[in-house]
Amino acid sequence: MTRTLLHRLAPARLHALEQIWAVLPEARLVGGVVRDLMVGRAIADVDLAVPQPPEEVMQGLKAQGITVVPTGLAHGTVTAVIDSAPYEITTLRRDVETDGRHAVVCWTDNWQEDAARRDFTINAMSCDSTGAVHDYFGGQQDLADGIVRFVGDATLRIQEDALRILRFFRFWGRYGQGRADAQAMQAITAQAALLNGLSVERIWSELKRILAGSKAQDVVYLMQQAGILPVLLPEGANVPLFARLMAFNPPADALLRLAALVPNKSADMARRLKFSRAEAARLKAMQAEPVPLPKMSDAQLRHLLADTPPDILAARSWLHQARYSDVLGEELRQRLAQLEIPVFPIAGRDLLEAGCQPGPHVGQVLKDVRNWWQQGGCSADKQACLAYALELVKALP
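The paragraphs below set out a description of the structure included in this document. (Residues numbered from 1 in each chain as written. Predicted model: local features only at pLDDT ≥ 70, side-chain atom pairs only at ≥ 80, totals over all residues. Heavy atoms only, no water.)

Two numbers describe how helix α7 (residues 164-175) lies on helix α8 (residues 182-190): the axes approach to 10 Å, and their chain directions differ by 140°. As the angle between them shows, α7 and α8 are arranged oblique. The handedness of the crossing between α7 and α8 is left-handed. Contacts between α7 and α8 involve Ile165, Phe168 and Phe169 from the former and Ala184, Met185 and Ile188 from the latter. (Axes fitted to C-alpha atoms, helices over the stretch in contact; angles between N-to-C directions. Helix = DSSP H or I, 4+ residues; strand = E, 2+ residues; numbered from the N terminus. Parallel < 35°, antiparallel > 145°, perpendicular 65-115°, else oblique. Left-handed = near helix turned anticlockwise from the far one by under 90°. Contact = heavy atoms within 4.5 Å.)

What follows is the structure in structure tokens.
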């Protein structure tokens, strides 16, 4: 490889890296940035590794006026901040001890030793300041062939960190082609129970990314083949329903896709995986009633829109379409998107300004007027609603 690989970076990032290389000429880009530069994907984070200890790295950067933050000194990581963008710089490491979740490490100056502790060959490459790629385990060829393969022994890599089981499926969904690596699948199947030792927050973080991926259906089938779905989702996974949803090309919404994959006991799942309140509420709303149907008139849809956000109604439509293969679901969602969200035009102060005496009856009148307004397709304006409200007030005992 030549410096052309580095020129795939945005100019601002390349300029920032040149400042870092001026201080740390031995530094190399590592991990995802190298992988994604090779395949032309958008770059999220730019991480580097160096053979120098973190304290020396900090001292050198500060001496050149570069802002540096000790973000993870225990793990050998500091973060340089250039033009408000972070660049994580980690000292080369080797594992001393692992327990399936955490590792005790020590520093090294051996690049291959550091690469050997990474999860997959496609993540174990590094790129120096000349643009030369250092590839100790065949990551370039695996990337070209669409193979996601553990570095070294798959069983040992999983025993070091069981989250690598889920990372395998996530990366296969992004970069894999054809059949999954046999050694990886065998190791995952044999050690599926190790997932029970992970924090549910880590599991949900990976699962969200898997479900939102473009090949989520293929990945779920692969996880089913490996036998990890019962461990991952003990509430029960409805793979056929999930497949029917995916056949209609739904949006990359992890919660929507999860609602089809786990249609029963989803509240139990949300509690077990410690969803945020917003996530749990949204998942519950997606699976609630009423469901918008293609046969509904615009007035009936406006009635629903008055109480329920359009994205939730669209999600209910997607799930209904998956259950009943409703080919008119897309047309319905287009209608929902085109309808203006109705807003009830009066409030209690409007009744008081119109001469209504204050009291508990005001709230009941508003409720009755709102129901009348919705039943009429939310088309009555403020004047009509206020007139109806005053009629109700006059009829009060």
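Okay, back to it.
Turning next to the side chain of Glu279. The residue Glu279 is located in helix α15 (residues 277-286) in this model. Looking at Glu279, the relative accessible area reads 16%, which means it is buried. A polar contact of 3.0 Å, which involves the side chain of Glu279, links it to the backbone nitrogen of Ser276. Ignoring anything within four residues of it in the chain, the contact list for Glu279 reads Trp204, Lys208 and Leu255. (Buried < 20%, exposed > 50% of the residue type's maximum accessible area, 1.4 Å probe, protein only. Polar contact = N/O pair within 3.5 Å; in protein donor to acceptor, adjacent residues only side chain to side chain.)

Within the open sheet, the seven strands sit side by side as β3-β4-β5-β2-β1-β8-β9. Their pairing is mixed. Taken across any chain shown, the strands that pair with only one partner, and hence form the sheet edges, are β3 (67-72) and β9 (133-134). In the packing of helix α2 (residues 32-39) onto the sheet, contacts are made with β1 (28-30), β2 (47-50), β8 (126-127) and β9, and the angle to β1 comes to roughly 85°. (Pairing = 2+ DSSP bridges.)

So, on to the packing of aromatic side chains. For the structure on display, the rule yields 10 aromatic pairs. Seen in terms of ring centroids, Phe120 and Phe168 are 6.2 Å apart; in terms of plane orientation they differ by 55°. Their pairing is tilted. On the criterion of sequence distance, the pair formed by Phe120 in the loop between α4 (111-116) and β8 and Phe168 in helix α7 is long-range, its members being 48 residues apart. Given the relative accessible area of 0%, Phe120 is considered buried. Each ring, one from Phe171 and one from Tyr175, has its centre 6.2 Å from the other, and the planes form 20°; the classification is stacked. Highlighted residues: Phe171 and Tyr175, both in helix α7, separated by four residues, approximately one helical turn. Within the aromatic cluster, the residues linked to one another by ring pairs are Phe120, Phe150, Phe168, Phe169, Phe171 and Tyr175. The aromatic ring of Tyr175 is capped on one face by Arg41, whose charged end is 4.8 Å from the ring centroid. In this structure, Lys215 is placed above the aromatic ring of Trp172, and the distance from its NZ or CZ to the ring centre is 4.3 Å. (Phe/Tyr/Trp six-rings, centres within 6.5 Å; stacked < 30°, edge-to-face > 60°. Lys NZ or Arg CZ within 6 Å of the ring centre and 35° of its normal.)

One finds Leu29, Ile89, Phe168, Phe169 and Ile228 to be the most contacted residues of the largest nonpolar core, which totals 96 residues. For Phe168, the residues in contact, after removing those within four places along its chain, are Phe120, Val148, Phe150, Ala180, Asp181, Ala184, Met185, Ile188 and Leu222. Among the nonpolar cores identified, the runner-up in size contains 15 residues, and Leu351, Cys356, Val365 and Leu366 belong to it. (Core = buried A, V, L, I, M, F, W, Y, C linked by side-chain atoms within 4.5 Å.)

Before going further, it helps to spend a moment on unusual backbone geometry. The step from Glu289 to Pro290 runs through a cis peptide bond, and the omega angle for that step is -5°. If you trace the backbone, Pro290 turns up in the loop between α15 and α16 (298-305). Positive phi, normally seen in glycine, also occurs at Asn249, with a value near 60°. Inspection of the secondary structure puts Asn249 in the loop between α12 (239-247) and α13 (254-261). One non-glycine residue with positive phi stands out, namely Cys378, at about 60°. Relative to the assigned elements, Cys378 resides in the loop between α20 (361-375) and α21 (382-394). Classification of Cys378 by relative accessible area gives buried; the value is 10%.

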